[in-house]
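Here are the chains, one letter per residue:
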Amino acid sequence: MKRQVFKNILERLLVLDLSILLAFGLYNKEFVKHTFIIALILFSFIGLLSLNRFCTAKLKEWISKNIPVLTFITIALLSTLISQNQEASWEVFGQRYIPYFVLYFMGRYLGKKRKYLNFLITALAAGAVFVSIGSIWDIIKAGHFIRIFTSYKIKCLFPAYFLYTLPFFVGLIIEHKKNIWKIAVLSSGGLIVFVVFCFHYSRGDWIALLTALFISSLLLKEFRKKGVVLIVVIMCFILLVPVFRRRIISYKTLSPSLWGDRVPMWEASFKIFQRFPLLGSGPGTYKYLMYKVIDEKSYTEGKIHEHAHNTYLEILADMGILGLLAFVGIFVQFFWHYLRRMPHNNPYYFPFLIIVSAVLIGDLVDSNMLVGVVNASMFWFLFGLAHLE
């Protein structure tokens, strides 16, 4: 009995710690690292308290549920062992991949309890409103339209952040559909976040969100009307505001000026893959090999790019075809089980489907899922929650 009480206390502390990460982690990667360390300690103690006795059946069940993730980690380890740059690969494996998937398992564990899920998502949404108010304040202080990268004058790591946060306002509104005051507050908060999402000027995120909304609406009949309304509202807002319309219309051409340095970066990925087709050149080695396989003059203004701006091509270069297949397998398994559970009475079912789909689409032209501390950490934790077990 005492063991269970202590375990419940640790779970609540873990939820509180991760809620703080979701709400304010965007401002500082060191803050994310510190909250992760606290979460890791708490999660370890929870695991120890859960081990009454060794159970082969439970272990087999856990392995069967996580075969794609465990396969990817195994291939990442093998690729690291034969890496072209051992130091860089061990750093990526230990400081990025392992923390990402620990957060993923934390998400799967906490997502089993609805009260924890509600608290975590509410914290993320509240943090998004706080961040967005700061960004709007910076726009007002500037006195003219600017592409926003700050909140309260603090530089923020915005890529993909709004893809993680915006859809949850829909879920929260559904959750509190009988309370008109909460709906009014949530709708206002969602509008504030949406405005900053537009002012970030990320065409890739705009397209990713709209495409994910469209696909999710087709798949989920019960959310089809809501999805169509959201698509129409977003499209009207973007196309009716001149500064946004000019930005989106530039996608009508595939000229080099539109894609910037992405095309030569993608070419570099393919060339690295051709040299190391099976297990790649090693996690994190792309930035060291790119200039060895492609003409440096292909890059404008002498910029140095550490990532391929396409997660799938970067994995192909770093971990070969086996790494890419294992990575894709993680999401194939997710969607296979997720869509088979339709219809689902959880209000976050639709938002999670949008988020995961949008990030997968967005990473065709960006690197968010396996790069950096802030956005990737948030994504893998939310992806764990998304299983709604």
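Here we summarise the structure given alongside this text. Just so we're clear, the structure is a prediction, and the values are computed from it rather than from any experiment. Each residue is numbered by its place in its chain's sequence as written, counting from 1. A pLDDT threshold of at least 70 governs which residues receive local features in this predicted model, and a stricter bar of 80 or more applies before side-chain atom pairs are shown or counted, although totals over entire chains, interfaces and linings include all residues. Where side-chain values are given, they derive from all heavy atoms of the structure, hydrogens and water being excluded.

### Considerations on empty space enclosed by the protein
Rolling a probe over the atoms, with the probe sized like a water molecule, indicates the empty space that remains. Lining residues are defined by having an atom within 4 Å of a point belonging to a cavity or pocket. Those points lie on a 1 Å grid over the protein atoms alone, cavities being sets where a 1.4 Å probe fits but cannot get out and pockets being open sets with protein on both sides within 12 Å along at least five of seven lines. Grid points are joined across faces, edges and corners, and a volume is the space filled by probe spheres set on the points. On inspection of all chains with the given rule, the structure shows 1 cavity of 30 Å³ or more. Volume-wise, the largest cavity comes out at about 90 Å³. Lining the largest cavity are Arg 96, Tyr 97, Thr 311, Glu 314, Ile 315, Asp 318, Met 319, Ser 367, Leu 370 and Val 371. The secondary structure listing takes helices from DSSP runs of H or I that are at least 4 residues long and strands from runs of E that are at least 2 residues long, numbered from the N terminus. Mapped by element, the contributors of at least two residues to the lining of the largest cavity are helix H5 (86–110) and helix H15 (311–340). Residue polarity is assigned by list, with Asp, Glu, Lys and Arg as charged and Ala, Val, Leu, Ile, Met, Phe, Trp, Tyr, Cys and Pro as nonpolar; anything else, Gly included, falls into the polar class. Grouping the amino acids of the lining of the largest cavity by side-chain chemistry returns 5 nonpolar, 2 polar and 3 charged.

### Regarding the packing of aromatic side chains
Stacked, tilted and edge-to-face are the three classes applied to pairs of Phe, Tyr and Trp rings, where Trp contributes its six-membered ring and a pair requires centres within 6.5 Å; stacked means planes under 30 degrees apart, edge-to-face means over 60, and tilted covers the rest. Per the counting criterion, the structure on display carries 32 aromatic pairs. Ring centres of Tyr 27 and Phe 130 lie 6.3 Å apart, and the angle between their planes is 75°; this geometry places the pair in the edge-to-face category. Placement of the pair is Tyr 27 in the loop between helix H1 (2–24) and helix H2 (29–50) and Phe 130 in helix H6 (residues 114–142), with a sequence separation of 103 residues. For Tyr 27, a relative accessible area of 15% corresponds to the buried category. Only protein chains enter the accessibility calculation, which uses a 1.4 Å probe; a residue whose area is less than 20% of its type maximum is buried, one above 50% is exposed, and one in between is partly exposed. On the basis of relative accessibility, which here comes to 36%, the residue Phe 130 falls in the partly exposed class.

### Observations regarding the packing of helix H7 (residues 161–175) against helix H9 (residues 203–219)
A packed helix pair is summarised by two numbers, namely the angle formed by the two axes and the spacing between the axes. Viewed as axis vectors pointing N to C, H7 and H9 meet at an angle of 35°, and their least axial separation amounts to 10 Å. Seen from above, H7 lies across H9 with right-handed handedness. Where H7 approaches H9, its residues Leu 163, Leu 166 and Pro 167 are matched on the opposing element by Asp 205, Ala 208 and Leu 209. Looking at side-chain class alone, the contact of H7 with H9 contains 5 nonpolar, no polar and 1 charged residues. The angle between two axes is taken between their N-to-C directions and runs from 0 to 180 degrees, where each axis is a line fitted to C-alpha atoms and a helix contributes only its stretch in contact. When the near helix sits turned anticlockwise from the far one by under a right angle, the crossing is termed left-handed; a clockwise turn instead gives a right-handed crossing. When checking whether two residues touch, look at their non-hydrogen atoms; a contact exists if any pair is within 4.5 Å.

### Focus: the nonpolar core
Buried together is how nonpolar side chains tend to be arranged in soluble globular proteins. Formed by 113 residues in total, the largest nonpolar core has its most connected members in Leu 18, Phe 327, Phe 331, Phe 352 and Trp 380. It is H15 that provides the largest number of residues to this core, a total of 12 residues. The contact partners of Phe 327, leaving out residues within four places of it in the chain, are Phe 72, Thr 311, Tyr 312, Ile 315, Met 369, Leu 370 and Trp 380. Met 265, Ile 272, Leu 289 and Val 293 belong to the second-largest nonpolar core, a separate cluster that totals 10 residues. Residues belong to one nonpolar core when they are buried, are Ala, Val, Leu, Ile, Met, Phe, Trp, Tyr or Cys, and are joined through side-chain atoms within 4.5 Å.

### What to know about the environment of Ala 376
Mapped onto the elements, Ala 376 comes out in helix H17 (residues 374–385). A C-alpha to C-alpha distance of 9.2 Å links Ala 376 and Ala 160, two positions 216 residues apart in sequence. The residues touching Ala 376, leaving out its near neighbours within four places in the chain, are Tyr 100, Asn 368, Met 369, Leu 370 and Val 371.

### Let's talk about the side chain of Asp 318
By the secondary structure assignment, Asp 318 is in helix H15. For this count, His and the chain ends are skipped, Lys and Arg are scored as positive, and Asp and Glu as negative. We define a salt bridge as a contact between a side-chain nitrogen of Lys or Arg and a carboxyl oxygen of Asp or Glu at a distance within 4 Å. There is no salt bridge for the buried Asp 318, and the closest opposite charge comes from Arg 96, which lies 5.9 Å off by N-O distance. In contact with Asp 318, not counting residues within four places along its chain, are Ser 79, Leu 279, Gly 280, Ser 281, Gly 282, Pro 283, Gly 284, Thr 285 and Tyr 286.

### Looking at unusual backbone geometry
Here Tyr 152, not a glycine, exhibits a phi torsion of approximately 55°, which is positive. Looking at where Tyr 152 falls in the secondary structure, it is placed in the loop between strand S1 (150–151) and strand S2 (154–155). Assessed through its relative accessible area of 32%, Tyr 152 is described here as partly exposed. Phi at Lys 153 is positive, roughly 70°, even though this residue is not glycine.

### Some points on the pattern of salt bridges
Applying the stated criterion across every chain, the model contains 3 salt bridges. The closest approach of N and O atoms between Lys 113 and Glu 11, which form a salt bridge, is 3.0 Å. Here Lys 113, found in the loop between H5 and H6, pairs with Glu 11, found in helix H1; they are 102 residues apart in sequence, far enough to count as distant. Judged by relative accessible area, which is 32%, Lys 113 ranks as partly exposed. Its salt-bridge partner being Lys 65, residue Glu 61 comes within 3.6 Å of it at the nearest N-O pair. With Glu 61 and Lys 65 both in helix H3 (residues 56–65) and 4 residues apart, the pair spans about one turn of that helix. A relative accessible area of 35% places Lys 65 in the partly exposed class.

### Examining H7
In an α-helix, one turn spans 3.6 residues, which is why side chains three or four residues apart end up on the same side. Every helix has an expected span of 1.5 Å times one less than the residues it contains. Taking 1.5 Å of rise per residue, 15 residues should cover 21 Å, and H7 covers 22 Å from first to last C-alpha, within 8% of that figure. Among the 15 residues that make up H7, 13 are buried, leaving the element largely enclosed by the rest of the structure.

### Describing H15
Here H15 spans only 27 Å end to end across 30 residues, well under the 44 Å set by a 1.5 Å rise per residue. At Met 319, H15 is bent by approximately 130°, the largest bend along its length. By the criterion applied in these results, polar contacts are pairs of N or O atoms within 3.5 Å in which, for protein atoms, one can donate a hydrogen and the other can accept it, and in which residues neighboring in sequence qualify only through two side-chain atoms. In this structure Asn 310 caps H15, since a side-chain oxygen of it lies 3.0 Å from the backbone nitrogen of Tyr 312. Here the bend at each residue means the angle between axes fitted to two seven-residue stretches, the one ending at that residue and the one beginning there.

### Some words on the environment of Phe 149
Note on placement: Phe 149 falls in the loop between H6 and S1. Separated by 51 residues in sequence, Phe 149 and His 200 place their C-alpha atoms 6.8 Å apart. Setting aside residues up to four positions removed in sequence, Phe 149 forms contacts with Ile 154, Lys 155, Cys 156, Phe 158 and His 200.

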